[in-house]
Amino acid sequence: MNPDLDLTLQRVIRAPRAAVWSAWTDPSRFEKWWVPAPTVCRVDRLDVQPGGALVTRLSDDGVDFVPHVNASFLVVDELERIVFTNAIDSAWRPANPAPVPMTAEITLSDHPDGTDYRIIVRHGDPAARARHEELGFFEGWGSVTKQLAVVAESQAAR
């Protein structure tokens, strides 16, 4: 972790890693938490494997959807780690995504209360990191992590 280039977030999710993993890998669950409510997400492609695609659209009214993320998974270690980047799109072409290019690493580990969920979002330079933080990284990623927890915890409660 480089504090000049990276942003981090950590949360304990009161559900087993399998439930958190399912929320990341099942498109119907992923759509429920990937964007801050009340915005709605639609998954076009969610192929959670190295080289696989992550393509989503979003809508403020649930009718008109616009592109959101077009990314590629780099590393997928089942139940432990997911790494994706928007600097390479789902067709493996170099991209210059808005608002900033980034690589996100999500790690899951056991915790006495469920799952220790950690995010590191890496940026290419301090300006990109600062821009991402100014645009609301902590609020945005924080709110979707809370939504992810609700999805995983409700699945675990069944």
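Residues numbered from 1 in each chain as written. Predicted model: local features only at pLDDT ≥ 70, side-chain atom pairs only at ≥ 80, totals over all residues. Heavy atoms only, no water.

Chemist: Which parts of the structure should I look at to understand the packing of aromatic side chains?
Modeler: A ring pair, where both rings are aromatic, is described by two values, the distance of the centres and the angle of the planes. Throughout the structure, instances matching the rule amount to 11 aromatic pairs. An angle of 50° between the planes, with centres 6.1 Å apart, marks the rings of Trp-24 and Phe-84 as tilted. Highlighted residues: Trp-24 in helix α1 (residues 17-25) and Phe-84 in strand β5 (residues 81-85), separated in sequence by 60 residues. By relative accessible area, Trp-24 is classed as buried at 1%. Owing to a relative accessible area of 2%, Phe-84 belongs among the buried residues under this scheme. In textbook terms, an aromatic cluster arises when at least three aromatic residues are bridged by ring pairs, as seen for Trp-24, Phe-30, Trp-33, Trp-34, Phe-73 and Phe-84. Just above the ring of Phe-65 sits the side chain of Arg-42; from NZ or CZ to the centre is 3.8 Å. (Phe/Tyr/Trp six-rings, centres within 6.5 Å; stacked < 30°, edge-to-face > 60°. Helix = DSSP H or I, 4+ residues; strand = E, 2+ residues; numbered from the N terminus. Buried < 20%, exposed > 50% of the residue type's maximum accessible area, 1.4 Å probe, protein only. Lys NZ or Arg CZ within 6 Å of the ring centre and 35° of its normal.)

Chemist: Mind showing me how you'd approach the sheet that holds strand β3 (residues 53-59) here?
Modeler: Strand pairing in a sheet takes place through backbone hydrogen bonds and is either antiparallel or parallel in direction. Spatially, the 7 strands line up as an open sheet ordered β1-β7-β6-β5-β4-β3-β2, and their pairing is antiparallel. Looking along the sheet, the strands with just one partner apiece sit at the ends: β1 (6-13) and β2 (40-46). Across the sheet, the mean angle separating the axes of adjacent strands is 25° when strand polarity is ignored. Where strand β4 (residues 66-77) lies against β5, 5 bridges are found, and the strand directions are antiparallel. Across the sheet, Phe-73 pairs through a bridge with Phe-84, a residue of β5. Most of the contacts of α1 go to strand β6 (residues 103-111), to which it runs at about 155°, and overall it touches β1, β2, β4, β5, β6 and β7 (114-122). (Pairing = 2+ DSSP bridges. Axes fitted to C-alpha atoms, helices over the stretch in contact; angles between N-to-C directions. Contact = heavy atoms within 4.5 Å.)

Chemist: Teacher, can you tell me more about the pattern of salt bridges here?
Modeler: When the charged atoms of two side chains with opposite charge come close together, those side chains can pair. Counted by the stated rule, this structure contains 9 salt bridges. Across the salt bridge formed by Arg-29 and Asp-26, the nearest N and O atoms sit 3.1 Å from each other. Across the salt bridge formed by Asp-44 and Arg-57, the nearest N and O atoms sit 2.8 Å from each other. With a gap of 13 residues between them, Asp-44 in strand β2 and Arg-57 in strand β3 connect regions that are remote in the sequence. For Asp-44, a relative accessible area of 38% puts it in the partly exposed group. (Salt bridge = Lys/Arg side-chain N within 4 Å of Asp/Glu carboxyl O.)

Chemist: In this structure, what is going on with the packing of α1 against helix α4 (residues 137-157)? I would like to understand it.
Modeler: Each pair of packed helices gets described by two things: the angle between the helix axes and the distance between those axes. Viewed as axis vectors pointing N to C, α1 and α4 meet at an angle of 125°, and their least axial separation amounts to 8 Å. Between α1 and α4, the crossing angle belongs to the class labelled oblique. When the axes of α1 and α4 are compared, the crossing they make is right-handed. Contacts between α1 and α4 involve Ala-19, Val-20, Ser-22, Ala-23 and Trp-24 from the first element and Leu-148, Val-151, Ala-152, Gln-155 and Ala-156 from the second. In terms of residue class, the contact of α1 with α4 is made up of 8 nonpolar, 2 polar and no charged. (Parallel < 35°, antiparallel > 145°, perpendicular 65-115°, else oblique. Left-handed = near helix turned anticlockwise from the far one by under 90°. Nonpolar A, V, L, I, M, F, W, Y, C, P; charged D, E, K, R; others polar.)

Chemist: When you look at a nonpolar patch on the surface in this model, what are you seeing that I'm missing?
Modeler: Taken together, the side chains of Leu-74, Ile-88 and Trp-92 define a hydrophobic patch exposed on the protein surface, amounting to about 300 Å² of accessible area. Looking at the secondary structure, you find Trp-92 in the loop between β5 and β6. (Patch = residues over 30% accessible without salt bridge, like charges linked within 9 Å, V, L, I, M, F, W, Y side chains within 5 Å. Areas by Shrake-Rupley, 256 points an atom, 1.4 Å probe, with all protein chains shown as cover.)

Chemist: For this particular structure, what's the right way to read the pairing of β5?
Modeler: Sheet faces and side chains relate simply in a regular strand, where the side chains alternate between the two faces. Counting buried residues in β5 gives 4 out of 5 residues, a clear majority hidden from the surface. Joining the antiparallel neighbours β4 and β5 is a turn of 3 residues, in which Leu-79 adopts a positive phi near 65°. Sheet topology note: the β5/β6 ladder contains 5 bridges and is antiparallel. In the strand pairing of β6, Ile-82 is matched with Ile-106.

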